[in-house]
Structure formats: structure tokens, C-alpha cells
Amino acid sequence: MEKSSNNLLAFSAGVDSTALFFWLVEKNIPFDIAIVNYHTRPTSDEEVAYAKELAEKFNKKIYTKECFLEKFSEKNARICRYKFFENIIKTHGYETLILAHQLNDRLEWFLMQLTKGAGLKELISMPKWEEREFYKIYRPFYNISREDIISFLNERGIKHFIDESNFDTKYKRNYFREHFSNRLVNEFKEG
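The residue numbering used here restarts from 1 in each chain and proceeds along that chain's sequence as written. The predicted nature of this model means local features are confined to residues of pLDDT at least 70 and side-chain atom pairs, given and counted, to a pLDDT of 80 or more, with totals for whole chains, interfaces and linings taken over all residues. Heavy atoms from the whole structure form the basis of all side-chain values; hydrogens and water molecules are not counted.

**Student:** Kindly report on the sheet that holds strand E6 (residues 136-138), identifying the contributing residues and their values.
**Tutor:** Spatial ordering of the open sheet is given by E3-E2-E1-E4-E6-E5, a layout of six strands whose pairing is mixed. Because the sheet does not close on itself, it has two edges, and the strands there are strand E3 (62-66) and strand E5 (129-131). Neighbour-to-neighbour, the strand axes of this sheet turn through a mean angle of 20 degrees, independent of strand direction. Strands pair, by our definition, only if DSSP identifies at least two bridges between them. Numbering of helices and strands runs from the N terminus; a helix is a DSSP stretch of H or I covering at least four residues, while a strand is a stretch of E covering at least two. Pairing of strand E1 (residues 7-10) with strand E4 (residues 96-98), which is carried by three bridges, proceeds in the parallel orientation. The residue of E4 that forms the bridge with Leu9 is Ile98. When checking whether two residues touch, look at their non-hydrogen atoms; a contact exists if any pair is within 4.5 Å. Think of each axis as a best-fit line through the C-alpha atoms, taken over the contacting stretch in the case of a helix, with angles from 0 to 180 degrees between the N-to-C directions. The sheet strands contacting helix H1 (residues 15-26) are E1, strand E2 (32-37) and E4, and the helix crosses E1 at an angle near 150 degrees. Docked against the sheet, helix H2 (residues 44-57) engages E2 and E3, running at close to 170 degrees with respect to E2.

**Student:** Please set out the pattern of salt bridges residue by residue, giving values where relevant.
**Tutor:** Criterion for a salt bridge: a side-chain nitrogen of Lys or Arg within 4 Å of a carboxyl oxygen of Asp or Glu. Applying the stated rule across the entire model yields seven salt bridges. For Arg132, the salt bridge goes to Glu86, with nearest N and O atoms at 3.9 Å. Of this pair, Arg132 sits in the loop between E5 and E6 while Glu86 sits in helix H3 (residues 74-92); the two residues are 46 residues apart in sequence, bridging distant segments of the chain. Throughout, exposure labels follow a simple rule: accessible area from a 1.4 Å probe, protein chains only, divided by the maximum for the residue type, with under 20% read as buried, over 50% as exposed, and the rest as partly exposed. A relative accessible area of 26% means that Glu86 is categorised as partly exposed. A salt bridge links Glu130 to Arg132, with the shortest nitrogen-to-oxygen separation between them at 2.8 Å. The exposure class assigned to Glu130 is buried, which follows from its relative accessible area of 16%. Put simply, Glu86, Glu130, Arg132 and Arg139 are held in one network by salt bridges that share partners.

**Student:** Talk me through the side chain of Lys60; I want residue IDs and the actual numbers.
**Tutor:** Relative to the assigned elements, Lys60 resides in the loop between H2 and E3. Excluding anything up to four places from it in sequence, Lys60 contacts Phe21, Ile29, Phe31, Asp32 and Ala55.

**Student:** Describe the pairing of E3, with residues and values.
**Tutor:** For E2 and E3, the ladder comprises five bridges, and the chain directions are parallel. Pairing of Ile35 across the sheet is with Thr64, part of E3. Here the term right-handed applies to a crossover when the path leading from its first strand over the helix to its second strand runs clockwise, the strands being oriented away from the viewer. Between E2 and its parallel partner E3, the chain crosses via H2, and the hand of that crossover is right-handed.

Everything listed here is a matter of coordinates, which is why it stays silent on function.
This is how it looks when you write it as C-alpha cells:
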């Protein structure tokens, strides 16, 4: 990743994006942040306040959006989020959207697609670099496990939020995380 490029970090104040924020700071890679408040958890407003605090402390521009969904779903949240990111990218000339997807996320996605009977394109559709129509997506934590990301935060004493809904296995992604992907990554992450 070029240090001269104009980067926007998709931020949530959760484990992955908070670690990525501080990793980018340590690597001296310039970026600004964007955060969406879905108002689905008691800590939603605190997470946005934390994002604003970090932006001020580290001299980053911050873009916020409130997204009220009639019926919350991963798909509807993603649509709202990406419309917001793409509007910022177009309006302010960002070249790269930085996402905090990591190794466990990739395996969850792969397993969910596999069980749907998806084709090869869907199975491998989360690359490290992705070209979009007018910007690129970059996933720096592509091969880093969630366990290593948590260690990064704990070693540095970095504040972050835990989304409690990530433990509810009624959501398909969490079911795959709990029963399959975390175990596989923990045992076989070197492969």
C-alpha cells in the first residue's frame, strides 16, 4: 500500500477495525475514517463518540452516518454502509477503501458460500486487493487471525468495543464462526 494514496478506513470501533486503525498509525499510512451508527446496540453512540475521539487525537477526518433500518439484516446494513462509503469516496476523491476483514472472516465467508453450493467465484470473492469501478478495496489483515488481532490490542492496552451480537448463533455467520471457522483457524492458521 502506498503511503501517498488517499485512504478511507471503514471503522466500527470493534476489535478488527480498532486494531487496523492503530496498525495504520504505527505504519505511518495516511487515512481518514468513516463509521455507521445503526442504533442496534446500547453502545452504538459510545462507539461513534470513540471514533470521533480517535479522529481528533490522531488528526483524521471522520465521516459519520446514522442508518435506521426497518428490519435489520446483514445485507441491508451492507447496502447502507457501502452507499455511504462510495458517496464519501466520490465526493472527497479517496482512492482506497481499507477494510478490516481478517483470516477468520474469510473462512466464515468461504464456509457459508460452500454450504450454499456456490461456485468458485463466490468461494474466493474476498481478495486482499479488489478493484471497484472508481476505487480499490484493501484488506491489510487478510492473513491475520482474529486471535492475533486481539493480542495486538491487548499488548498495547487499546480500548475497543465488543459487539455482543457476534456471539448469537441465530445469525448464520456467527453459527459458522462458533462451530467451524474459529476452530479451523486456531488449529490450522499456518496452512
